[in-house]
Amino acid sequence: MNERLHSVLAQRGIPPESLAEVCEVDPKTVSRWLGGRVPHARHRFRVARHLRVEELFLWPAPERSALQQGAGSERELVTTYQNRASVPRDTWLSLLKSAQEQISVLVFSGTFFAQSNPHVAKMLAERASEGVRVRLCFGDPNGQAVAIRGREEGIGDTLAAKIRASLTYYRPLLSEAGCEVRLHDTTLYTSMFRYDNNLLANPHVWGQPASANPILHLRRADTTGWFDNYAQSFEAVWATARPWTPDEEGPASHGQD
């Protein structure tokens, strides 16, 4: 299956039937392209021009594919988004619903995660009831890392307040088997949203909110690459994070000055 073509069509909001009209082919032909068949050169050109992407992104040249056997990172990149708002809501929902083993989230506040889907806690609980391990890791609102990020973004204590507000959405998960919520006090270089072998990585640019920065959609390949590097960094932060206790008050007890 051509995952990149699928993703770009979803991102642009273009149905396969519309692409068939542009290329003057039968819709079944587009279905075959989505299934992995490589179109003729003239059709590849039309598709790439219509979707405003490089042709080699959708259909890597054979010689490039051969080189990528030793460069798993290139093959792991499904697509990119200019910013977090550019990720279609259906993408978030479909990844969450299709997860079979784990859902792992690393953020500071992750406010949008609940605000864009008011039923996210219920959906996560349902996935957990079906055997999916759910791990949510938020910034410690009393920690130094959050205070520093708030100053860097010029919003002061607002970030800590956003985290406390965001956590209220997930209170029901604490009583659900298979669900864990923790707080971390580490520098957050990248927000991460992992659904089994799919991972949306949201790298941070200094002084800008995460929402203004790009998203990389990665899919795990058969070689160690970007996906595994990000996944390992999540595990490292998770291991040092502390369980969230609702209604806790006062500064976090981490031995911070």
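Residues numbered from 1 in each chain as written. Predicted model: local features only at pLDDT ≥ 70, side-chain atom pairs only at ≥ 80, totals over all residues. Heavy atoms only, no water.

Q: Explanation requested: the overall build of the protein chain in the structure shown.
A: The number of helices and strands found in the protein chain is 13 helices and 8 strands. Among the 257 residues that make up the protein chain, the fraction classed as buried is 47%. Considering only contacts in the protein chain between residues 6 or more positions apart, those separated by 24 or more positions represent 72%. If you sum the accessible surface of the protein chain, you get close to 13200 Å²; carbon and sulfur atoms cover 51% of it. (Helix = DSSP H or I, 4+ residues; strand = E, 2+ residues; numbered from the N terminus. Buried < 20%, exposed > 50% of the residue type's maximum accessible area, 1.4 Å probe, protein only. Contact = heavy atoms within 4.5 Å. Areas by Shrake-Rupley, 256 points an atom, 1.4 Å probe, with all protein chains shown as cover.)

Q: Would you explain helix α2 (residues 16-23) in this entry?
A: Side chains that are three or four residues apart share a direction in an α-helix, a result of its 3.6 residues per turn. Where α2 is concerned, the buried positions are L19, A20 and C23. Viewed end-on, α2 has its buried residues packed into an arc of 105°, placing them on one side of the element. Elements in contact with the buried residues of α2: α1 (3-12), α3 (27-34) and α4 (41-51). Just beyond α2, the residue with positive phi is E24, at close to 60°. (Arc of directions from axis to C-beta.)

Q: Hey, could you run me through the layout of surface pockets in this one?
A: With a probe scaled to a water molecule rolled over the atoms, the places where space remains empty come into view. The calculated volume of the second largest pocket comes to roughly 260 Å³. Every residue lining the second largest pocket is counted, 18 residues in all, and those nearest its centre are R84, S109, L159, K162 and A210. Elements with a contribution of two residues or more to the lining of the second largest pocket: α9 (111-115), α11 (144-153) and α12 (158-167). Broken down by class, the residue content of the lining of the second largest pocket amounts to 8 nonpolar, 6 polar and 4 charged. (1 Å grid on protein atoms, 1.4 Å probe; cavity = no way out; pocket = protein on both sides within 12 Å on 5 of 7 lines; lining within 4 Å. Points joined across faces, edges and corners; volume = space filled by probe spheres on them. Nonpolar A, V, L, I, M, F, W, Y, C, P; charged D, E, K, R; others polar.)

Q: It is not clear to me how the pattern of salt bridges should be interpreted in this structure. Could you clarify?
A: Here the idea is simple: oppositely charged side chains can pair when their charged atoms come close. Counted by the stated rule, this structure contains 9 salt bridges. Of the charged contacts, one joins R46 and E24 as a salt bridge, the two residues approaching to 3.5 Å between their closest N and O atoms. Taken together, the residues span a long stretch of sequence, with R46 in helix α4 and E24 in the loop between α2 and α3 at a distance of 22 residues. A salt bridge links E180 to R182; the nearest nitrogen and oxygen atoms lie 3.3 Å apart. For E180, a relative accessible area of 29% gives the class partly exposed. One connected set of salt bridges, linked through shared partners, spans R133, E180 and R182. (Salt bridge = Lys/Arg side-chain N within 4 Å of Asp/Glu carboxyl O.)

Q: Sorry if this is basic, but what is going on with the packing of helix α8 (residues 89-98) against helix α10 (residues 120-129) here?
A: Each pair of packed helices gets described by two things: the angle between the helix axes and the distance between those axes. Contact pair α8 / α10: the axes reach a minimum separation of 9 Å and the direction vectors enclose 25°. Our classification of the angle between α8 and α10 gives roughly parallel. The segment α8 lies against α10, with L93, L96, K97 and S98 engaging V120, M123, L124 and R127. (Axes fitted to C-alpha atoms, helices over the stretch in contact; angles between N-to-C directions. Parallel < 35°, antiparallel > 145°, perpendicular 65-115°, else oblique.)

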